[in-house]
Amino acid sequence: MVARVPIVQGAMGIGVSLSGLAAAVANAGGIGVISGVQTGFKEPDFVKNNLEANKRAMIAQIRKARELSDGIIGINMLAAMNNYKELVMTAIAEGIDLVVSGAGLPLDLPELVKGTKTKIAPIVSSGKAAALISKVYDKKFARTTDMFIVEGPEAGGHLGFKRDDIESGNVKSLRELIPEVLEAIKPYEEKYGVKIPVIAAGGVFTGKDIAEYLNLGAAGVQMATRFVATEECDADINFKMAYINAKKEDIRLVKSPVGMPGRAVNNSFTKLLDEGDIKVKRCYNCLIPCDPRTTPYCISDALMSSVSGGEGLVFAGSNAYRVEKIVKVQELIDELVTEAEQFVK
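To start, this report covers the structure provided alongside it. Worth saying up front: this structure is predicted, and the values here are computed from it rather than measured.

Of the regular secondary structure elements, the protein holds 13 helices and 11 strands. What you see for the protein is a C-alpha radius of gyration of 19 Å, in line with the 20 Å of a compact globule of 345 residues. Its C-alpha atoms give the protein principal-axis dimensions of about 50 × 45 × 40 Å. Burial status across the protein gives 55% buried among its 345 residues.

Right, here's the structure in full:
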């Protein structure tokens, strides 16, 4: 399958991008991506039976997306999740088209998709990471990845850069990272006689931005922030309005239990976090690096609250303050494609 439009919809968890948004993007010609993080948060046994609730809900979301669309549907899995392998295997058994994986190096992903039609797309934030993953896939599995998603420092959610470096500007821009990754994977493209698509992600906002990365050699872009303010986005209207009401100074960095900085909208939750750690009331055992005794807060509770319309963590890209209105996915993609066509060389 080949996407008609060079846009991958970035996954947003918990529950921001489920079957509704993913199917709408796929129907519009892009690649729709379901968030595979705590997908079962609305299941009645979610707290007591977390893994089974998540597997059950993931199956339901994939099947619902398939009912709504015959386009390309992917799922995003954090490599830092405790039940990563079981959840990836569940999605593959349901015939998911693509597994996107970041928040760590998904070095065993080829083994999980072996013998299936499911494609894989690791997320990297440097040429060094792309080269390392390519080297492991070559030596261990005698293959390449199907795609690389290169996420720059302007992305929302978890970032693959140190907070001090982002704040000091001591990071490479996405415009610098794309050529770096393209160069790093060249030997593996030559060895296997394939072209590995490189997708630009993080801060991509307009059609002109899309054209700029295509002109740099990217095969497409990943966009998440723009898809929050759509009718089909699976989040509560309060979550969407947090973007629309945000000012530039409201977009900020936060600490995360994952061990990476994140970018979110400033609100009462982030202000409370600035005052000190928020005690964890219960643990879902969702992340490998997270210790409930020392973590600054429970990220699952913070994300589940916000997506349901309450106060919590509202992850957002650096350009979220530029979002002005809620539109239909098809309308958004049509606008982006029309503008991009004017600038593609």
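Here we take up the packing of helix H1 (residues 19-27) against helix H2 (residues 50-68). Interaxial distance between H1 and H2 falls to 9 Å at its minimum, and their mutual angle equals 35°. Both H1 and H2 take part in a crossing whose hand is right-handed. On the side of H1, the interface is formed by Ser19, Ala23 and Asn27, while H2 contributes Gln61, Lys64, Ala65 and Leu68.

This paragraph deals with H2. Taking 1.5 Å per residue as the helical rise, H2 with its 19 residues ought to reach 27 Å, and the 27 Å between its terminal C-alpha atoms agrees with that figure. Looking only at H2, the buried set comprises Asn50, Ala53, Asn54, Ala57, Met58, Gln61, Ile62 and Ala65. The arc that holds the buried residues of H2, viewed along the axis, is 160°, so those residues lie on one side. In this structure, the buried residues of H2 make contact with H1, strand S2 (31-35), strand S3 (72-78) and helix H3 (84-93).

This part takes up unusual backbone geometry. Backbone torsion omega between Gly13 and Ile14 reads 5°, so that peptide bond is classified as cis. Examined against the element boundaries, Ile14 turns out to sit in the loop between strand S1 (7-9) and H1. The backbone of Gln38 shows a phi angle near 50°, a positive value even though the residue is not glycine. Its location among the elements puts Gln38 in the loop between S2 and H2. Look at Gln38 and you get buried, because its relative accessible area is 3%. We note that Ala142 has phi near 55°; this positive angle belongs to a residue other than glycine. Examined against the element boundaries, Ala142 turns out to sit in the loop between helix H5 (127-141) and strand S6 (148-151).

Cut-off values and rules
Residues numbered from 1 in each chain as written. Predicted model: local features only at pLDDT ≥ 70, side-chain atom pairs only at ≥ 80, totals over all residues. Heavy atoms only, no water. Helix = DSSP H or I, 4+ residues; strand = E, 2+ residues; numbered from the N terminus. Rg over C-alpha atoms; globule rule 2.2 N^0.38 Å. Buried < 20%, exposed > 50% of the residue type's maximum accessible area, 1.4 Å probe, protein only. Axes fitted to C-alpha atoms, helices over the stretch in contact; angles between N-to-C directions. Left-handed = near helix turned anticlockwise from the far one by under 90°. Contact = heavy atoms within 4.5 Å. Expected span 1.5 Å × (residues − 1). Arc of directions from axis to C-beta.

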